[in-house]
Amino acid sequence: MAQLEIQQIPVLSDNYVYLVREADSGAVAVVDPAVSKPVLEAAKQLGWTITHILNTHHHPDHVGGNLEIKKATGCRIIGPAPDEARIPGIDEAVNEGDIVKLGEAEAEIFFVPGHTRGHIAFWFPESQALFCGDTLFALGCGRLFEGSPAQMWDSLRKLRELPDTAAVYCAHEYTQNNARFALSIEPDNSQLQERARQIDSLRKDGKPTVPSHLGEEKATNPFLRADDPALATALNLQGRSAQECFAEVRRRKDVF
Ligand code: ZN
Ligand code: FE
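Note on numbering: residues in each chain are counted from 1, in written sequence order. Each chain is given a letter, starting from A, and each ligand a number, starting from 1, according to the order in which they appear as written. For a predicted model such as this one, the threshold for reporting local features is a pLDDT of at least 70, and the threshold for listing and counting side-chain atom pairs is 80 or more; totals across whole chains, interfaces and linings nevertheless cover every residue. As a convention, hydrogens and water are excluded, and side-chain values are obtained from all of the structure's heavy atoms.

### Considering the coordination of the iron ion (ligand 2)
Line of reasoning, step 1. Protein-derived ligands of the iron ion (ligand 2) are Asp61 (OD), His62 (NE2), Asp134 (OD) and His172 (NE2), with the metal-ligand distances lying across 2.1 to 2.3 Å.
Line of reasoning, step 2. Spacing between the donor residues of the iron ion (ligand 2) along their common chain follows D-H-x71-D-x37-H.
Line of reasoning, step 3. Donor atoms are limited to N, O and S found within 2.8 Å of the metal ion, a distance that becomes 3.2 Å for Na, K and Ca. With water left out, some sites might look partial. A separation of 3.2 Å is found between the iron ion (ligand 2) and the zinc ion (ligand 1), both of which receive a donor from Asp134. Within this pair, whereas His62 is found in helix α2 (residues 60-63), its partner Asp134 is found in the loop between β10 (129-133) and β11 (136-137), the two being separated by 72 residues in sequence. Put simply, DSSP marks the helices as runs of H or I at least four residues long and the strands as runs of E at least two long, and each gets a number from the N terminus on.

Okay, structure coming up:
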């Protein structure tokens, strides 16, 4: 079994870059390198040689380190086919259902538009690791820069099909603010209150709240619960469609 070792590198104000190593082959991928220097330094410290870059979408805080890391390591850059023209240095463009190999490990590609029109996610089933960029966050979801609420809801429902045990490696530490927002919709949700307490205590100790597990996201993330009647009630949208509820949650978050 091809096990992954995963290192989390906090960069910029709230981004997470991931170094992912497949031990049998020694292949090492960087997921969404916002910048190059801290990533190259971290790899050097670990004694890891970067062989791949995996990009979820074209935003500068996800591809900013691409060209310098490629120049330093000669690594292969894999990114979304629908956004090929916006991924610096891309070597391999992938689509929904494609399989990406990292040494002995395999990732399935999900097409998850909404935040951007070409956003993809990388799912490593053997390691139960989901790299979802700015689509799904701990207790949140990405802003809709290039997509509609209906599109984002479809994308999130796709990710929601994955097992509860999936670790959600999202690209930003937004969780504490997301928790405050979620509680503004459902102040009496006791599961959410408990999770918010855990998040506050992790952040107080300067610890990351990412990765979370998909099971807790399914239970407490309002953006994954747009078809939950309890959420519709909290929004005062009883009986309305999941898309309408999702759009309302997203609208409120945009002005929170
Ligand atoms: Zn983004
Ligand atoms: Fe981002």
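### Examining the coordination of the zinc ion (ligand 1)
Line of reasoning, step 1. Here the zinc ion (ligand 1) is held by the protein donor atoms His57 (NE2), His59 (ND1), His115 (NE2) and Asp134 (OD), which lie 2.2 to 2.3 Å from it.
Line of reasoning, step 2. Considering all four donor atoms around the zinc ion (ligand 1), the spread of angles at the metal, 85 to 172 degrees, places the coordination shape in the irregular class.
Line of reasoning, step 3. Along the chain, the residues donating to the zinc ion (ligand 1) are arranged with the sequence spacing H-x1-H-x55-H-x18-D.
Line of reasoning, step 4. Under the relative-accessibility criterion, His115 is labelled buried at 4%.
Line of reasoning, step 5. Exposed residues in this analysis have more than 50% of their type's maximum accessible area, buried residues have under 20%, and partly exposed residues fall in between, with area computed by a 1.4 Å probe over protein chains only. Looking at Asp134, the relative accessible area reads 3%, which means it is buried. Angular criteria define each label, namely tetrahedral for four donors with all angles between 85 and 135 degrees, square planar for four and octahedral for six donors with opposite donors over 155 degrees apart and remaining angles between 65 and 115, and irregular for whatever fails these tests.

### Re the packing of aromatic side chains
Line of reasoning, step 1. The rule is short: rings of Phe, Tyr and Trp, with Trp giving its six-membered ring, pair when the centres are within 6.5 Å, and they are stacked under 30 degrees, edge-to-face over 60, tilted in between. By the definition in use, this model includes 10 aromatic pairs.
Line of reasoning, step 2. Taken together, a centroid distance of 5.2 Å and an interplanar angle of 80 degrees make the contact between Tyr18 and Tyr169 edge-to-face. Within this pair, whereas Tyr18 is found in strand β2 (residues 15-22), its partner Tyr169 is found in strand β13 (residues 167-170), the two being separated by 151 residues in sequence.
Line of reasoning, step 3. Centroid distance Phe137 to Tyr174: 5.0 Å. Interplanar angle 75 degrees. Geometry classified as edge-to-face. On the criterion of sequence distance, the pair formed by Phe137 in strand β11 and Tyr174 in the loop between β13 and α5 (175-185) is long-range, its members being 37 residues apart.
Line of reasoning, step 4. Since its relative accessible area comes to 5%, Phe137 is described here as buried.
Line of reasoning, step 5. For Tyr174, a relative accessible area of 31% corresponds to the partly exposed category.
Line of reasoning, step 6. Taken together, Tyr16, Tyr18, Phe124, Phe131 and Tyr169 form an aromatic cluster joined through their ring pairs.
Line of reasoning, step 7. In this analysis the charged atom, NZ for Lys or CZ for Arg, is taken to sit over a ring once it is within 6 Å of the ring centre and within 35 degrees of the ring normal. Over the ring of Phe181 we find Lys253; its NZ or CZ atom is 6.0 Å from the centre of that ring.

### Digging into the environment of Pro113
Line of reasoning, step 1. Within the fold, Pro113 resides in the loop between β8 (105-111) and β9 (120-124).
Line of reasoning, step 2. Between the C-alpha atoms of Pro113 and Gly147, which are 34 residues apart in sequence, the distance is 6.6 Å.
Line of reasoning, step 3. With sequence-adjacent residues up to four places away left out, Pro113 is seen in contact with His119, Gln151, Met152 and Ser155. Here, residues are in contact when the closest pair of their heavy atoms is within 4.5 Å.

### A closer look at the pattern of salt bridges
Line of reasoning, step 1. Salt bridge, as used here, is a side-chain nitrogen of Lys or Arg placed within 4 Å of a carboxyl oxygen of Asp or Glu. Counted under the stated rule, the structure contains 23 salt bridges.
Line of reasoning, step 2. The shortest N-O distance in the salt bridge between Lys101 and Glu106 comes to 4.0 Å.
Line of reasoning, step 3. A salt bridge links Asp254 to Arg143; the nearest nitrogen and oxygen atoms lie 3.4 Å apart. Placement of Asp254 in helix α9 (residues 242-254) and of Arg143 in the loop between β12 (140-141) and α4 (149-160) is noted, with a sequence separation of 111 residues between them.
Line of reasoning, step 4. The exposure class assigned to Asp254 is partly exposed, which follows from its relative accessible area of 36%.

### Some words on the environment of Gly239
Line of reasoning, step 1. Summarising the element assignment, Gly239 is placed in the loop between α8 (229-234) and α9.
Line of reasoning, step 2. On the accessibility criterion, Gly239 (81% relative accessible area) is exposed.
Line of reasoning, step 3. C-alpha separation for the pair Gly239 and Pro229, spaced 10 residues apart in sequence, amounts to 7.7 Å.

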